[in-house]
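What follows is each chain in one-letter form.
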Amino acid sequence: MLTRRFLLTSGAIGLTAWFGSSRFVAVSAPAEAFPVAHTDAEWRKLLTPAQYAVLRQSATERPFSSPLLAEHRSGLFACAGCDHGLFSSETKFESGTGWPSFWAPLSEDAVVMTPDTTLGMIRTEVHCARCGGHLGHVFDDGPKVTGLRYCMNGIAMIFKPAVA
Ligand SMILES: [Zn+2]
């Protein structure tokens with residue numbers, strides 16, 4: 001249902017916008033294109049098997065499985081692979097999808113996008129801008145603030161509560 005709705009309402013408009021963005025990077029960008037790069041063997045040592053599956057193999061965690069879904073404190077969501085700041089708690093919202101959702105990244109250089117046509121869908125994949133790790137996808141059915149919904153895998157991130 002999500003696929004159909006996305007294609008019908010946003011396939012042309014949303015993706016054209018992203019394709020024209022300066023944040024767009026080539027799908028075949030080599031790992032060295034990112035400031036933080038490790039060999040596959042190194043990543044396997046640095047990450048838990050579940051983190052590796054999502055960040056390095058673009059797996060998707062089970063919906064409603066992430067503790068970060070219910071994280072409502074003020075703070076920062078950083079990349080579990082390289083500690084790069086990705087999202088602020090101020091842009092987090094309840095999407096009802098079962099994945100931590102945000103309407104904007106922390107900054108212009110927090111994340112990068114690539115087109116993703118796997119699973120028979122046209123989606124925009126979101127990566128950490130520092131290590132290239134797969135974080136999730138962005139859809140344009142988000143809240144009115146930006147209209148975007150960054151649908152993230154909680155396991156790809158670590159939460160850092162704001163210091164009072
Ligand atoms: Zn990263």
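A brief report on the enclosed structure follows. (Residues numbered from 1 in each chain as written. Predicted model: local features only at pLDDT ≥ 70, side-chain atom pairs only at ≥ 80, totals over all residues. Heavy atoms only, no water.)

1. Description of the pairing of strand β6 (residues 123-128)
Phase 1 of the analysis: Within β6, 6 of the 6 residues are buried, which leaves it mostly tucked inside the rest of the structure.
Phase 2 of the analysis: A two-sided burial pattern is seen for β6, the buried positions comprising R123, E125 and H127 on one face and T124, V126 and C128 on the other.
Phase 3 of the analysis: Note that strand β5 (residues 111-116) and β6 share 6 bridges and pair antiparallel. Bridge pairing links D116 to R123 in β6.
Phase 4 of the analysis: The antiparallel pairing of β5 with β6 creates a hairpin that spans 6 residues between the two strands, and L119 there sits at a positive phi of about 60 degrees.
Phase 5 of the analysis: In this sheet, strand β7 (residues 134-139) lies alongside β6 in antiparallel orientation, the contact comprising 4 bridges. Across the sheet, V126 pairs through a bridge with G136, a residue of β7. (Buried < 20%, exposed > 50% of the residue type's maximum accessible area, 1.4 Å probe, protein only. Helix = DSSP H or I, 4+ residues; strand = E, 2+ residues; numbered from the N terminus. Pairing = 2+ DSSP bridges.)

2. Details of the sheet that holds strand β1 (residues 75-79)
Phase 1 of the analysis: Taken in spatial order, the 3 strands line up as β2-β1-β9 in an open sheet, and their pairing is antiparallel. Each of the sheet's edge strands pairs with one partner strand only, and the pair in question is β2 (85-88) and β9 (157-161). Direction aside, the axes of adjacent strands within the sheet are offset by 30 degrees on average.
Phase 2 of the analysis: Direction of pairing for β1 relative to β9: antiparallel, over a ladder of 5 bridges. Across the sheet, residue L76 finds its bridge partner in β9, namely K160. (Axes fitted to C-alpha atoms, helices over the stretch in contact; angles between N-to-C directions.)

3. Examining the sheet that holds strand β4 (residues 101-102)
Phase 1 of the analysis: Pairing in this open sheet of 6 strands is antiparallel, and the strands run β3-β4-β8-β7-β6-β5 from one edge to the other. Edge positions in the open sheet fall to β3 (92-93) and β5, since each of these has one partner strand only.

4. Quick notes on the coordination of the zinc ion
Tetrahedral coordination by four donors sets the ideal angle at the metal to 109.5 degrees; octahedral coordination by six donors sets it to 90 or 180 degrees.
Phase 1 of the analysis: At 2.3 to 2.4 Å from the zinc ion lie its protein donor atoms, namely C79 (SG), C82 (SG), C128 (SG) and C131 (SG).
Phase 2 of the analysis: Geometry at the zinc ion is tetrahedral, judged from its 4 donor atoms and the angles of 98 to 114 degrees they form at the metal.
Phase 3 of the analysis: When the donors of the zinc ion are listed by position in the chain, the intervening gaps give C-x2-C-x45-C-x2-C. The pair formed by C128 and C131 is uniform in burial state, with each residue classed as buried. (Donors = N, O, S within 2.8 Å, 3.2 Å for Na, K, Ca; no water. Tetrahedral: all angles 85-135°; square planar, octahedral: opposite > 155°, others 65-115°.)

5. Digging into the packing of aromatic side chains
Phase 1 of the analysis: Scanning the entire structure with this criterion turns up 4 aromatic pairs.
Phase 2 of the analysis: Considering the side-chain rings of F77 and F102, the 5.0 Å spacing of their centres and the 70 degrees angle between planes classify their relative orientation as edge-to-face. Of this pair, F77 sits in strand β1 while F102 sits in strand β4, and the two are 25 residues apart along the sequence.
Phase 3 of the analysis: We classify F77 as buried; its relative accessible area is 0%.
Phase 4 of the analysis: Since its relative accessible area comes to 0%, F102 is described here as buried.
Phase 5 of the analysis: Residues F87 and F102 carry aromatic rings whose centres are separated by 4.4 Å and whose planes lie at 20 degrees to one another, so their mutual orientation is stacked. Taken together, the residues span a long stretch of sequence, with F87 in strand β2 and F102 in strand β4 at a distance of 15 residues. Considered together, F87 and F102 belong to a single accessibility category, that of buried residues. (Phe/Tyr/Trp six-rings, centres within 6.5 Å; stacked < 30°, edge-to-face > 60°.)

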